[in-house]
Each structure stands twice: as structure tokens, then as C-alpha cells.
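Below are the chains, spelled out letter by letter.
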Amino acid sequence: MVYEFKDYVYVHNYGEGKLYRGNHLIFKGNAWSGICQFLNYTNNAPEVREMFKAQLEQREKPKYAQNERQTK
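Described below are features of the structure shown in this document. Values in this document were obtained by computation on a predicted structure and should not be read as measured data.

With that out of the way, let us pick up the sheet that holds strand β4 (residues 24-30). An order of β1-β2-β3-β4 is seen for the four strands of this open sheet, with the pairing classed as antiparallel. Each edge of the open sheet is held by one strand with a lone partner, namely β1 (2-5) and β4. Across the sheet, the mean angle separating the axes of adjacent strands is 15 degrees when strand polarity is ignored. Judged from the six bridges that link them, strand β3 (residues 16-21) and β4 form a sheet pairing that is antiparallel. Looking across to β4, one finds that Y20 is bridged to L25. Taken strand by strand, helix α1 (residues 31-41) contacts β1, β2 (8-13), β3 and β4, and its axis lies near 140 degrees from that of β4.

Right, here's the structure in full:
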């Protein structure tokens, strides 16, 4: 799957991610880390957050559940 935002292109391929700025590879590795890098390089742009909304919600759920258990 290919995601584009301005000058950035993120290629998500079976657990591996590659992030390009222009024609330069700036990240290659784990897909989740690639999503985080994409968000970081684009200053957490709302358009990019929307592209990965489902993944971000899935990653954030366990944090909330753990915090709720600690407060009880």
C-alpha cells in the first residue's frame, strides 16, 4: 500500500515500511515504526493521522486499558 502526503511517500508492505522524501529513502524498517516516522516528519499532520486512524486507535487502546486498571 502506498500513502502520499506532500513530498513524502510511505510504502507499507507486509510488515515492512519505507518512507521517502522526494527520491531519497529516509526510513526502512518495521511498519509501525515507519508510521511513527511518517507522522513525525509530517509534524503529525491531520491528513496523515486520518490515513492511519485504525492503526493508531488499535495501538492506543491498550494504553488506556492499562491506565484504567492502575487507577482502580
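On to unusual backbone geometry, then. Negative phi characterises most residues that are not glycine, and trans characterises most peptide bonds. Backbone geometry at K6 places phi at a positive 50 degrees, although glycine is not the residue there. The topology assignment puts K6 in the loop between β1 and β2. Residue class for K6 comes out exposed when judged on its relative accessible area of 76%. Although it is not a glycine, N44 sits at a positive phi angle of roughly 55 degrees. By secondary structure assignment, the location of N44 is in the loop between α1 and α2 (46-51).

For a regular strand, side chains alternate in direction, first toward one face of the sheet and then toward the other. Two elements, β1 and β2, share four bridges in a ladder whose sense is antiparallel. Pairing of V2 across the sheet is with V11, part of β2. Counted along the chain from β1 to the antiparallel partner β2, the turn is two residues long, and its residue K6 has a positive phi close to 50 degrees. Relative to β3, β2 runs antiparallel, the two sharing six bridges. Bridged to N13 within β3 is E16.

Attention now goes to the nonpolar core. Grouped together as the largest cluster of nonpolar side chains are 14 residues, with contacts concentrated most on Y10, L19, F38, V48 and F52. Elements with a contribution of two residues or more to this core: β1, β2 and α1. Sort the elements by how many residues they give to this core and α1 lands first, with four residues. Ignoring anything within four residues of it in the chain, the contact list for L19 reads Y8, V9, Y10, H24, L25, I26, F27, Q37, F38 and Y41.

Procedures and definitions
- Residues numbered from 1 in each chain as written.
- Predicted model: local features only at pLDDT ≥ 70, side-chain atom pairs only at ≥ 80, totals over all residues.
- Heavy atoms only, no water.
- Pairing = 2+ DSSP bridges.
- Helix = DSSP H or I, 4+ residues; strand = E, 2+ residues; numbered from the N terminus.
- Axes fitted to C-alpha atoms, helices over the stretch in contact; angles between N-to-C directions.
- Contact = heavy atoms within 4.5 Å.
- Buried < 20%, exposed > 50% of the residue type's maximum accessible area, 1.4 Å probe, protein only.
- Core = buried A, V, L, I, M, F, W, Y, C linked by side-chain atoms within 4.5 Å.

Shape is all these values report; function is a separate question.
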